[in-house]
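# Structural characterization, general
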Amino acid sequence: MKIVTQADRNFLPSLKKVALRGRVTGAAVEKAVRAILQAVERGGDKALLRYTAQFDRVVLKPDSLRVTSEEVKNAYFHIRKDEGDALRLAAQRVTSFHERQQTKTWMYQDGDATLGQVVGPVDAVGVYVPGGKAVYPSSVLMCAIPAKVAGVPRVVMVTPPQRDGINPYLLVAADIAGVTEIYRVGGVQAVAALAYGTKTIGRVDKIVGPGNIYVATAKRLLYGTVGIDMVAGPSELLVVADDDAKPAHVAADLLCEAEHDEDAQVFLVTTSERLAKDVSKSIEDQLRGLQREKIASKSIARHSVAFVVSTMDEAIAVANEIAAEHLTLSVDNPFDYLEKIRHAGALFLGRYTPPSVADYVAGPNHVLPTGGTARFFSPLSVNDYVKVSNIVHYTKQELAKIKDPLIRLAQIEGFDAHVKSAQSRFS
């Protein structure tokens, strides 16, 4: 793990590079994505099936795109009882957390006027579930359950097809979460189908869920045609640690994110150079024997950095500059620093809060802003599945009270029809 201290000339350049890691997609990727989006918009199911055969090496027909209820029921026979129990426990905890996020319609009286907002769910949501290097039933729960809590009537899941069928854990998770439709299609073509609609797959109002750089680019390009949750990049974790942190714990947490993907990015900020060196050594030791050793090793070698600073205030300042997806505070009295953290997707406080607990069973959503976007994006929540309409109701008497300033403001902006719209009520 690369270690830089404040005395190093490359400390600030290294920090700047990390802070600006959320780079824009290359032109070649965007060109390829646009071509697929246009083809699916024009060709519908025919283009969808052609790209599925080309990229996933699976030949399908329109009537085999949708997963049947029998396939979902059969999936339960391919997992163990304790695995199903674990998924149900996670679902219960995710549901409980997200139920507390619900906002309701509200109104108040301002004189004789009634003002407020009406809150209601979108009609349909598309959940994208990756199917590449790993299987993510937890992401199914995290994306679909808030939609159901919000009251979304139609929740559509898409996931890349496999030659031996869709992973049973995904199907069971989808069933537990209340997904209403499942389609065996992935990649840019799946995102296009959700956004535009085809004869087989009806269009949705919003697309959520993680994906590779092509899926993320497709979501970004389609924003406006359809709503999206965020443009997610590789997983990332920043650990802020003091001198008393246990190197083995810190190393294990960093590897917890590094094993996601070769492009995953993990960082350490500490007031102890000794700790930074011990963590680096512990990472080397713990890498040996990991099932995803090659992936984690590449992630650590390419992207990991340990920043050594003098004080905890400086460590917090670095953390705010990086604005990480996951932020662990492995320090004494972590709640003392809570209000100083301005930018982070999720905060893990204390010595005994591993990131994995939040990935699976804690309850808060694990779909989080990456690439520094925690400066302006929030975790996936129930609020992502509802829309708000403002309520305005005036009586003639109340309108008369504010008619003159209304007309004056309309005249300032040069909108004569606005003036007449108000005056017509008193003609």
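Note that the coordinates shown come from a computational prediction; the quantities given were computed from them, not determined experimentally.

In spatial order, the strands read β1-β11-β10-β9-β12-β13; together these 6 strands make up an open sheet with parallel pairing. Each edge of the sheet is formed by a strand with only one pairing partner; in this case those strands are β1 (2-5) and β13 (346-349). Taken over all neighbouring pairs, the strand axes of this sheet differ in orientation by 15 degrees on average, direction set aside. As defined by bridge partners, β1 adjoins strand β11 (residues 305-308) across 4 bridges and the pair is classed as parallel. Bridging across to β11, Thr-5 finds its partner in Val-308. Most of the contacts of helix α1 (residues 11-19) go to β11, to which it runs at about 130 degrees, and overall it touches β1, β10 (265-270) and β11. The strands touched by helix α11 (residues 273-287) within the sheet are β1, β9 (236-241), β10 and β11, with β10 carrying the most contacts at an inclination of about 150 degrees.

Following the criterion strictly, the structure yields 1 cavity of 30 Å³ or more and no others. By volume, the largest cavity amounts to about 30 Å³. Together, Val-239, His-249, Val-250, Asp-253, Thr-328, Ser-330 and Arg-351 line the largest cavity. Mapped onto the lining of the largest cavity, the elements with two or more residues apiece are α10 (247-258) and β12 (326-330). Of the residues in the lining of the largest cavity, the class split is 2 nonpolar, 3 polar and 2 charged.

Among all positions in helix α7 (residues 168-177), only Leu-170, Leu-171, Val-172, Ala-173, Ala-174 and Ala-177 are buried. Where α7 is buried, its residues meet α4 (69-75), α5 (81-99), α6 (137-150), β5 (154-159) and β6 (181-184). The distance from a side-chain oxygen at the start of α7 to the backbone nitrogen of Tyr-169 is 2.8 Å, and the residue carrying that oxygen is Asn-167. Among the residues trailing α7, Gly-178 stands out with phi positive, at a value near 90 degrees.

Right, let's get into the packing of aromatic side chains. Evaluated as defined, the whole model comprises 4 aromatic pairs. Plain terms: the ring middles of Phe-376 and Phe-377 are 5.2 Å apart, the flat faces sit at 55 degrees to each other, and that makes the pair tilted. Its end group placed over the ring of Tyr-51, Arg-50 keeps NZ or CZ at 5.0 Å from the ring centre.

Attention now moves to α10. For α10, built from 12 residues, the straight-helix expectation of 16 Å at 1.5 Å per residue is met to within 8% by its first-to-last C-alpha distance of 16 Å. Regarding α10, the residues found buried are Val-250, Ala-251, Asp-253, Leu-254, Leu-255, Cys-256, Glu-257 and Ala-258. Along its buried surface, α10 packs onto β9, β10, α11, α12 (293-303), β12 and α14 (355-360).

Topologically, Thr-270 is positioned in strand β10. Engagement of the side chain of Thr-270 in a polar contact is seen with the backbone oxygen of Ala-241, the distance being 2.9 Å. Non-local contacts of Thr-270, meaning those with residues more than four positions away in its chain, are made with Ala-241, Asp-242, Leu-275, Ala-276, Phe-307, Val-308 and Val-309.

This brings us to the packing of α1 against helix α13 (residues 312-322). Contact pair α1 / α13: the axes reach a minimum separation of 8 Å and the direction vectors enclose 40 degrees. Here α1 lies oblique to α13, going by the angle between them. Residues Leu-15, Val-18 and Ala-19 of α1 pack against Val-318, Glu-321 and Ile-322 of α13. Of the residues assigned to the contact of α1 with α13, the class counts are 5 nonpolar, no polar and 1 charged.

With that out of the way, let us pick up the pattern of salt bridges. On inspection of all chains with the given rule, the structure shows 22 salt bridges. The residue Arg-184 makes a salt bridge to Glu-71 at a minimum N-O spacing of 2.7 Å. Taken together, the residues Arg-184 in strand β6 and Glu-71 in helix α4 connect sequence positions 113 residues apart. On the basis of relative accessible area, Arg-184 is assigned to the buried category, the value being 12%. Between Glu-181 and Arg-154 there is a salt bridge whose closest N-O contact spans 2.7 Å. Residue Glu-181 is located in strand β6, and its partner Arg-154 is located in strand β5; the two are separated by 27 residues in the primary sequence. One connected set of salt bridges, linked through shared partners, spans Glu-30, Arg-34 and Arg-220.

Our next topic: the sheet that holds strand β3 (residues 113-121). Judged by pairing direction, the sheet is antiparallel, and its 3 strands sit side by side in the order β2-β3-β14 without closing on themselves. For this open sheet the edge positions go to β2 (106-110) and β14 (386-393), each flanked by a neighbour on one side alone. Geometrically, the sheet is characterised by an average inter-axis angle of 15 degrees between neighbouring strands, direction not taken into account.

Let us now look at a nonpolar patch on the surface. Side chains of Leu-89, Val-357, Tyr-360 and Val-361 sit close together on the surface and give an oily, nonpolar patch of about 320 Å² of accessible area. Structurally, Val-361 is set in the loop between α14 and β14. On the basis of relative accessible area, Val-361 is assigned to the partly exposed category, the value being 32%.

Conventions and cut-offs
Residues numbered from 1 in each chain as written. Predicted model: local features only at pLDDT ≥ 70, side-chain atom pairs only at ≥ 80, totals over all residues. Heavy atoms only, no water. Pairing = 2+ DSSP bridges. Helix = DSSP H or I, 4+ residues; strand = E, 2+ residues; numbered from the N terminus. Axes fitted to C-alpha atoms, helices over the stretch in contact; angles between N-to-C directions. Contact = heavy atoms within 4.5 Å. 1 Å grid on protein atoms, 1.4 Å probe; cavity = no way out; pocket = protein on both sides within 12 Å on 5 of 7 lines; lining within 4 Å. Points joined across faces, edges and corners; volume = space filled by probe spheres on them. Nonpolar A, V, L, I, M, F, W, Y, C, P; charged D, E, K, R; others polar. Buried < 20%, exposed > 50% of the residue type's maximum accessible area, 1.4 Å probe, protein only. Polar contact = N/O pair within 3.5 Å; in protein donor to acceptor, adjacent residues only side chain to side chain. Phe/Tyr/Trp six-rings, centres within 6.5 Å; stacked < 30°, edge-to-face > 60°. Lys NZ or Arg CZ within 6 Å of the ring centre and 35° of its normal. Expected span 1.5 Å × (residues − 1). Parallel < 35°, antiparallel > 145°, perpendicular 65-115°, else oblique. Salt bridge = Lys/Arg side-chain N within 4 Å of Asp/Glu carboxyl O. Patch = residues over 30% accessible without salt bridge, like charges linked within 9 Å, V, L, I, M, F, W, Y side chains within 5 Å. Areas by Shrake-Rupley, 256 points an atom, 1.4 Å probe, with all protein chains shown as cover.

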